[in-house]
Amino acid sequence: MSSEQLSTGITPEQCATELMDTIPLVMRCIRAEMREQGSPSLSVPQFRTLMFLYRYPGSSLSSLAEHLGVTRPTASALTERLVQRGFVDRTEHPQQRRQVVLKLTDLGFEHLQKIRQTARSKFAEMFVGLSDAQRLHVVEGLAVLKDVFEQDDAGIGGHS
């Protein structure tokens, strides 16, 4: 009998509860790590902006605002600070003059990769004490979560 055929008795609601209890802890660690990053530091919304544009190059300001859960003027101000630092390129949409297209610059990409590598190293230290089997469970569980959320994420990042 395969593991997929075994009934664990774990409900979708229990999965959702565990997710909701765990994600804030992970985000707290990410925020703490970002605060420890050296100059030029980024705020969490700025980091989320760079990550969004890394995943969805050429996105609109509206898509970014929706992703961040902020108004367009707030997303515009946030983007302007990243443009001034040379991390984001903002250009007019070729067919729609009133719409902007956002993408990472090479400098923004390099800065994002540096932050991600530093955080990755820090988080790797947290997993040192786990057994191989526990690390396998973590990786397998996260792969499942990634698949679930990527399916739900398919409509995000459009050029609306």
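Rules of the game
- Residues numbered from 1 in each chain as written.
- Predicted model: local features only at pLDDT ≥ 70, side-chain atom pairs only at ≥ 80, totals over all residues.
- Heavy atoms only, no water.
- Patch = residues over 30% accessible without salt bridge, like charges linked within 9 Å, V, L, I, M, F, W, Y side chains within 5 Å.
- Areas by Shrake-Rupley, 256 points an atom, 1.4 Å probe, with all protein chains shown as cover.
- Salt bridge = Lys/Arg side-chain N within 4 Å of Asp/Glu carboxyl O.
- Helix = DSSP H or I, 4+ residues; strand = E, 2+ residues; numbered from the N terminus.
- Pairing = 2+ DSSP bridges.
- Phe/Tyr/Trp six-rings, centres within 6.5 Å; stacked < 30°, edge-to-face > 60°.
- Buried < 20%, exposed > 50% of the residue type's maximum accessible area, 1.4 Å probe, protein only.
- Core = buried A, V, L, I, M, F, W, Y, C linked by side-chain atoms within 4.5 Å.
- Contact = heavy atoms within 4.5 Å.
- Axes fitted to C-alpha atoms, helices over the stretch in contact; angles between N-to-C directions.

**Side note on a nonpolar patch on the surface**
Okay, step 1: A surface patch of nonpolar side chains, amounting to about 440 Å² of accessible area, comprises Leu142, Val144, Leu145, Val148 and Phe149.
Okay, step 2: Along the chain, leucine 145 turns up in helix H6 (residues 132-152).

**Topic: the pairing of strand E3 (residues 100-104)**
Okay, step 1: Bridge count between strand E1 (residues 59-60) and E3: two bridges; the pairing is antiparallel. Across the sheet, residue serine 59 finds its bridge partner in E3, namely leucine 102.

**Quick word on the packing of aromatic side chains**
Okay, step 1: Counted according to the given criterion, the structure contains two aromatic pairs.
Okay, step 2: Relative to tyrosine 56, the ring of phenylalanine 52 lies with its centre 5.0 Å away and its plane at 50°, an arrangement referred to as tilted.
Okay, step 3: Classification of phenylalanine 52 by relative accessible area gives buried; the value is 2%.
Okay, step 4: Judged by its relative accessible area of 16%, tyrosine 56 falls in the buried class.

**Quick notes on the nonpolar core**
Okay, step 1: Counting residues in each nonpolar core, the largest one holds 21 residues, and the members touching the most others are Leu42, Leu50, Leu64 and Val88.
Okay, step 2: Contributing elements (two or more residues each) for this core: helix H2 (44-55), helix H3 (61-68), helix H4 (72-84), E3 and helix H5 (106-126).
Okay, step 3: In contact with leucine 50, other than residues within four places in its own chain, are Leu42, Leu82, Phe87, Val88, Leu104, Gly108 and Leu112.

**A closer look at the pattern of salt bridges**
Okay, step 1: By the definition in use, this model includes three salt bridges.
Okay, step 2: Here glutamate 80 makes a salt bridge to arginine 90, at a shortest N to O gap of 2.3 Å. Of this pair, glutamate 80 sits in helix H4 while arginine 90 is found in strand E2 (residues 88-92), placing the two residues 10 residues apart along the sequence.
Okay, step 3: When its relative accessible area of 27% is taken as the criterion, glutamate 80 is described as partly exposed.
Okay, step 4: For aspartate 132, the salt bridge is made with arginine 135, and the minimal N-O distance between the two is 2.6 Å. A residue pair is termed a helical-turn pair when its members lie 3 or 4 positions apart in one helix, as aspartate 132 and arginine 135 do in helix H6 at three residues.
Okay, step 5: The exposure class of aspartate 132 is exposed, given its relative accessible area of 59%.

**Considerations on the sheet that holds E2**
Okay, step 1: Across the sheet, three strands lie side by side as E1-E3-E2; this open sheet has antiparallel pairing. With partners counted over all chains shown, the strands left at the sheet margins are E1 and E2, one partner each.
Okay, step 2: Set on the sheet, H2 makes contact with E1, E2 and E3; between it and E3 the angle comes to about 100°.

So far we have only geometry, and geometry alone does not tell us how the molecule works.
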